[in-house]
Amino acid sequence: MTLSASSLTSTCQPELADRDVEELRRRGLKRFWLAWPAYVAVLVLLCVGVYVGSVKSGVAMLISVGTVLSLGLIYLTLRMGWAVRSQDPMLAFTQSSFSIALVAIGYAMLDDLRSTALLWLSVIVVFDLWRLPRRQVRLAMVMCLVLPMLATVSRYYWHPEPMNWVHELFTLLILAVVLPVLYAVSGQARAARSRHARQKQQMAETLARLHEFSIRDGLTGLYNRRHMLTLLEDETRRSRRNGRPFTLALLDLDFFKHVNDEHGHATGDIVLKTFARIARDVLPDSADMLGRWGGEEFLLLQSETDAAQALADLNRLRQACREHEWSQYAPGLRVTFSAGVCQHQRQDQLDHSLELADRALYQAKAEGRDRVSVHGGVDLALVGVDGIAGMSRRLERGPSVAAASCAPASDGATWTDLVMDDLDEKVSALDKHEPAHGWRHRLLNLLCGSNQKLRPAMAMCVLSLCVYLTSIAGFMFYVMPSGLLTRVQGMGFVLHNILAIVVPFVLLRSGVTVNWKDPSFVMPQVLWGGTGVIIGYGMMPTTSPSTLQMICLSLVFGFTSLKPLQAVWVGRYYLAMMLGVWVVRALSDVVGFMPRREGLEVAMTCLVLWILTLQSTRLSAIRLKVRAEKRELIQATERVSQVMVRDTLTDLFNRQYMQILLDRECVRHQRSGKSFSVALIDLDHFKAINDTYGHGVGDEVLVGFAQAARNHLRDSDVLCRWGGEEFLVLLVGADPGANGVMAMGRLRDAMASHDMTLVDSSLKVTFSAGVAEHLPGEPIARTLQRADEALYAAKAAGRDRCELAA
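Reading the values: the criteria
Position numbers for residues start from 1 in each chain and track the written sequence from start to end. Side-chain atom pairs in this predicted model are given and counted only at pLDDT of 80 or more, local residue features only at pLDDT of at least 70, and totals for whole chains, interfaces and linings cover all residues. In computing side-chain values, all of the structure's heavy atoms are included and hydrogens and water are not. Relative accessibility thresholds used throughout: buried, under 20% of the residue-type maximum; exposed, over 50%; partly exposed, between the two (1.4 Å probe, protein chains only). Each helix is a run of H or I in the DSSP string that is no shorter than four residues. Each strand is a run of E no shorter than two, and both are numbered from the N terminus. Strand pairing follows a simple DSSP-based rule, namely that at least 2 bridges must link the two strands. Aromatic pairs are defined between Phe, Tyr and Trp rings, using the six-membered ring for Trp, whenever the two ring centres lie within 6.5 Å; interplanar angles under 30 degrees are classed as stacked, those over 60 as edge-to-face, and all others as tilted. A fitted line through C-alpha atoms serves as each axis, taken over the contacting stretch for helices, and the angle formed by two N-to-C directions is quoted from 0 to 180°. What makes two residues a contact is simply this: any of their non-hydrogen atoms within 4.5 Å.

S.K.: Can you tell me about the pairing of strand 8 (residues 726-732), naming the residues and giving the values?
M.R.: Counted residue by residue, strand 8 has six buried out of seven residues, so it is predominantly covered. Relative to strand 8, strand 6 (residues 676-683) is paired through seven bridges, and the arrangement is antiparallel. Its bridge partner being in strand 8, Asp682 is matched across the sheet by Glu726. Pairing of strand 7 (residues 718-723) with strand 8 involves five bridges; the strand directions are antiparallel. Its bridge partner lying in strand 8, Val718 is registered against Leu730. Counted between consecutive antiparallel strands, the loop separating strand 7 from strand 8 contains two residues, among which Gly724 sits at a positive phi close to 60°.

S.K.: Kindly report on the packing of aromatic side chains, identifying the contributing residues and their values.
M.R.: Inspection of the entire model under this criterion finds 17 aromatic pairs. With a centroid separation of 5.3 Å and 75° between ring planes, the pair formed by Phe32 and Trp33 is classed as edge-to-face. The partly exposed category is assigned to Trp33, whose relative accessible area is 44%. Ring geometry for Phe705 and Phe727: centres 4.6 Å apart, planes at 45°, overall tilted. Of this pair, Phe705 sits in helix 26 (residues 695-712) while Phe727 sits in strand 8, and the two are 22 residues apart along the sequence. Here Phe705 matches Phe727 in class, with each residue buried.

S.K.: Describe the sheet that holds strand 5 (residues 372-374), naming the residues involved and giving the relevant values.
M.R.: The mixed open sheet is built from five strands, whose spatial order is 2-3-1-4-5. If you trace the sheet from one side to the other, it starts and ends with strand 2 (288-294) and strand 5, each paired once. Each strand of the sheet is rotated relative to its neighbour by a mean of 20°, with strand direction disregarded. Of the pairings in the sheet, the one linking strand 4 (residues 337-344) to strand 5 comprises three bridges and is parallel in character. The residue bridging Gly340 from the neighbouring strand is Ser373, located in strand 5. In the packing of helix 9 (residues 225-242) onto the sheet, the strands contacted are strand 1 (246-253), strand 2, strand 3 (297-303) and strand 4, and the crossing angle to strand 2 comes to about 135°.

This is how it looks when you write it as structure tokens:
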């Protein structure tokens, strides 16, 4: 179960399910334990501060006791689930508010370590605020600004030493700039992660749909032959293990060729879809797996079923077919089927059982069709008892979800149409970009350029611009006038900031970095900015509350693009620089240097920096993982898409994909005026081949014809299996009449010398064909109908010939 933080926070209805309550409680406790080590580390550093004399024992005791009691109360509330039905079920806002208040108390009461208290606001913003709804985020950001101000005022009234108001106001000003930028920068990483997560979910759903498409017949929605073979192999292995029987049956619609010949292929398609729907209604159990085996043939696999039960089920299906009003599709239309049943024996091979079912099917046809024949016969008494009992068991279990999910829609829509419509919606959702107009769009293009790949990096440059401009203003109007740095030193830092603004913007805006290993140019920016701020911290220790905030912000800028290893090395670099500054100050014997106080300050800063580094590494790992999964999903989608457009047996394009190509060619014809033709091919007497040699040889003939057609048709001609033993050729650029007929003539000559099967080299296969040129403004359905009429004219003229449509 997946629940978003915002939906969980807003879920306070009393009718929450037990699993929802448990999920809320579990996630709340997980969040608590993730934050617990940071609290422990702070309390340990406070104890160290008391030991070295940098923190008053009373203040440390007050903060420690208050923290432990508050955390204990929060844990108990989460553990007992007291808050799961409240507006804050995971106590996310409660914990964030407590952490902000604790920072403000430390900023007001700590003396030597008060400069490090504000550092923890960076951790709170990065870790906590993204979990909250927008209204609570705004309230928490106001608390981050207001509570330190109140702490400053309270310190003025209760602290005996005088305050440097200029310094305090400068610190609060930097805080007011840093926090929103910090939230925006971390928000960029969160937004990217959320976007990737949504894309991953959408692609996973699309892949699931494509997988379903790959195992279904596009016309009827039943399982296709490939998947039925997989199911048969699985059932065979299961039967060998447990010795339980299963039954398979081959079904063939009687005289279906006459339906196509007399009423057209459109009516034939309706018959196939209707028969599939009737079969699903009669056999709704998930243990009854029905697939389209080829053309008008179907295969029924029934697990845990013997021949008597299968015979009873098929007789019910025969009765349902008789009762259906077929004449609504064509006058005088009547549809029946013959079936052959074989109960698979544990010691038999699967191919042998299929052959026995095929023999039983031909026995049913020989006996007059519209009947079911069971290999080896069956005791009719068993049909009356076990068959009814089996039917009762199936009705008790009810219809299967899978059967219901693949039922065709009304209005003649095929299962493929439904899947393709859904996939179109998914792809549109993945590729959708909201249109942007007006001055905001123009300003964004001016600042960030038109390169979509670098837009996030340019957005980060704009955010860093705000920070650097504030830093420059601080040097110009506070640091240098106060004498904290000489004019030369101050202007050196100003130049450093100007370079940090100009160089990345110019490189990114010009697109120079597009082909670099770090196209966003983040690593150099993070190192450059962090180096300058850390050096400034060493040269201006009195401004540590401001500079330490800027150090954290510099590190957070790497959240959006750094790789995991890069994030670790950047974090180590920051830690080494902080320790190096402390060592240099200690060795330089700087006036006013207090090793214990500054050492504790550096330790606290390093702790915060390492926590931020861990978060950056985690976000980077997630980002790389999502990208890798996205690539895998795309590759899998491409593989399944390839399966989706191909016929299982011949590896030619299938009918559904050819329909797309035909529609596309019609549009191209309207634009360019270049003509094209279609040739509808039907293998002569193919039914006799199946009846005489079996379906295995029939399959070899179909594959052989597909191979011969590939070898002798032009590269520009597109060939597909249209259905059963029928094929359709799209003859692109063919002139009226001559070229299309000539192409069919070349193919007929090639077929005369081509061995279609290894079983009988004397077996020669011919075909009849009808060619029709697409006329301007003519619907493609009419073009196909004219080709169909030409095909029937070729058959009527004696077969083994090609006719041109009028």
